[in-house]
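Close look at the chain arrangement
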Amino acid sequence: MTAISLGMPAAPPPVLAPRRRTRQIQVGKVGVGSDHPISVQSMTTTLTADVNSTLQQIAELTASGCDIVRVACPSQDDAEALAEIAQHSQIPVIADIHFQPKYVFAAIEAGCAAVRVNPGNIRAFDDQVKEIAAAAKDHGTSIRIGVNAGSLDKRLLEKYGKATPEALVESAVWEAGLFEEHDFHDFKISVKHNDPVIMVRAYELLAERGDWPLHLGVTEAGPAFQGTIKSATAFGALLSKGIGDTIRVSLSAPPVEEVKVGIQILQSLNLRPRKLEIVSCPSCGRAQVDVYKLAEEVTAGLEGMEVPLRVAVMGCVVNGPGEAREADLGVASGNGKGQIFVKGEVIKTVPESQIVETLIEEAMKIAEGMEAVDGMAPSVNVG
Ligand code: SF4
C-alpha cells in the first residue's frame, strides 16, 4: 500500500501577475473588484418573461458554477418577471437593458442585483443618469456600463470611423463620468469587441484611465470552438497582466458551456482553485491503447469531482511515469495493461479493461484522504 502524502497546506499556486487594484463593488452577494475572486458570469437564453424556464436555466447555471447571471429585458412582460426571478435565483441577477430607461428603474425596483446599460443607446439614458444613480443607490444596485462594438455611440463612430479601442474607451469613460458626476461609483465597465486584439487593447487603455472594476468579454465570439479560443486568448492576455475582475465567455452554445469555459480559463491561470484536471497525452505512433477513448472515459467517470485532483492518462510508458509523478494519480498504458501510479509510484498493474474503474477507485481513496484533512466531501460520478 502506497502512503499518500497529504502533508501541510501547500503555498498558493503562482499567478502571472498581481491583480490590478480597483474599487470594490457588490453585485448582490458577489463582490467584484481586486479584493474578490474573479467571478464567472453567463446569460440566460430563455424568454425572460417565461419565469419557470428562466429560473430552471439559472438553476442549471448555478449548479455549473456560475457566479452571476444576466437576463435580457426587452419588453414590459420581461420587466414584470424580474422581481420573481431575482427573488428565487440563488445567484445575483443582472438585468440587461437597452434603449428603455423605464426598464432600468423597473429592474432596480424588482430587486435585481445590478443593471447593465449600454452607452451606445444611452442617449435615452443620459438625461436620466441622475435619477438612475439615485434609484440604484437607494436600492444598493450596482451598474455595468457595457460598451459594445456592435452598438457604439453614433457620435463616436463618426469621430473614429469604426469601433477602435480608443472609441470604445471614450464611450465608456464618458458614461463613467456622467455617473460619477452624480456621485455614483458602484459600477463596473466592459468594452467588448469581437476581435480579441482590439478588445485586449481597449481594456488595456481603459485600465489606465481609472480604478473601475472591469468585466471582460469578447462579444459575439462565435460557436463553441472558435469562441472558446478567442475568449481564452483575449482573457489570458489581460488576466496575465492582472486586468479583469469578472468574466463572461460568449458562445453560440448553451450557457452552461460558457461557464465551464470561463472556469477553466481561470483555473488554468491559477486564478481559481483547480479541481479535477486530466493531463492526457495527445497519443502518437507508440500508443498501445486508444488514448482518446480512455481519457474521455476517465473524464466522464470523474466528472463532478470537487477535490483538486490531477490525473494523468498516458498512452505508453515513455512519458507516463514522468507525468504521473507530477500528478496525484495516473495510468501509463501498454501491452493491454495499465500501470497505475499514485503520487508517481506504481501501485499496481491492471488489465486494460479495468483501468477506468481502478482510477475511479483510487481517486475516491485520495478524495477521502483529502476530506479527512480539509473536510472536503469526495464526490465522483461512478454511475
Ligand atoms: S505518452 Fe506515449 S503514446 Fe502518449 S504521446 Fe507520449 S510517447 Fe506517444
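Structural data are supplied above this passage.
First, a word on what this report is: a plain description of the structure on this page. (Residues numbered from 1 in each chain as written. Predicted model: local features only at pLDDT ≥ 70, side-chain atom pairs only at ≥ 80, totals over all residues. Heavy atoms only, no water.)

What follows deals with the packing of aromatic side chains. Aromatic ring pairs are reported here in terms of the distance separating the ring centres and the angle at which the planes meet. The tally for this structure, following the rule as stated, stands at 2 aromatic pairs. With 5.8 Å between their ring centres and 55° between their planes, phenylalanine 179 and phenylalanine 184 make a pair best called tilted. Phenylalanine 184 matches phenylalanine 179 in its accessibility class, with the two residues each being buried. Consider the rings of phenylalanine 179 and phenylalanine 187, whose centres lie 6.1 Å apart with planes at 40°: the pair is tilted. No difference in accessibility class separates phenylalanine 179 from phenylalanine 187, as the two residues are buried. (Phe/Tyr/Trp six-rings, centres within 6.5 Å; stacked < 30°, edge-to-face > 60°. Buried < 20%, exposed > 50% of the residue type's maximum accessible area, 1.4 Å probe, protein only.)

So, on to the sheet that holds strand 15 (residues 345-351). A sheet is described by the order of its strands in space; here 5 strands give the open sequence 11-12-13-14-15, paired in mixed fashion. Only two strands of the sheet have a single neighbouring strand rather than two, namely strand 11 (276-280) and strand 15. Across the sheet, the axes of successive neighbouring strands diverge by a mean angle of 20°, strand direction being ignored. Pairing of strand 11 with strand 12 (residues 309-314), which is carried by 5 bridges, proceeds in the parallel orientation. Of the residues in strand 12, the one forming a bridge with valine 279 is alanine 312. Of the strands in this sheet, strand 11, strand 12 and strand 13 (329-334) touch helix 11 (residues 291-302), which is tilted by about 160° from strand 12. (Pairing = 2+ DSSP bridges. Helix = DSSP H or I, 4+ residues; strand = E, 2+ residues; numbered from the N terminus. Axes fitted to C-alpha atoms, helices over the stretch in contact; angles between N-to-C directions. Contact = heavy atoms within 4.5 Å.)

For the rest of this paragraph, the subject is the site of the ligand. Residues in contact with the ligand, as listed here, are Cys281, Pro282, Ser283, Cys284, Arg286, Ala287, Met314, Gly315, Cys316, Val318 and Asn319. Looking at side-chain class alone, the shell around the ligand contains 7 nonpolar, 3 polar and 1 charged residues. (Near = heavy atom within 4 Å. Nonpolar A, V, L, I, M, F, W, Y, C, P; charged D, E, K, R; others polar.)

This next bit is on the pattern of salt bridges. If you walk through the whole model with that rule in mind, you get 21 salt bridges. Arginine 116 serves as the salt-bridge partner of aspartate 96, at 3.1 Å between the closest nitrogen and oxygen. Taken as a pair, aspartate 96 in strand 5 (residues 93-97) and arginine 116 in strand 6 (residues 114-117) lie far apart in primary sequence, 20 residues in all. Two residues, glutamate 170 and lysine 159, come together in a salt bridge whose shortest N-O distance is 2.9 Å. In this pair, glutamate 170 sits in helix 7 (residues 165-181) while lysine 159 sits in helix 6 (residues 154-160), placing the two residues 11 residues apart along the sequence. Owing to a relative accessible area of 23%, glutamate 170 belongs among the partly exposed residues under this scheme. Judged by its relative accessible area of 54%, lysine 159 falls in the exposed class. Three or more residues are tied together by salt bridges with common partners; here these are Arg19, Arg20 and Asp245. (Salt bridge = Lys/Arg side-chain N within 4 Å of Asp/Glu carboxyl O.)

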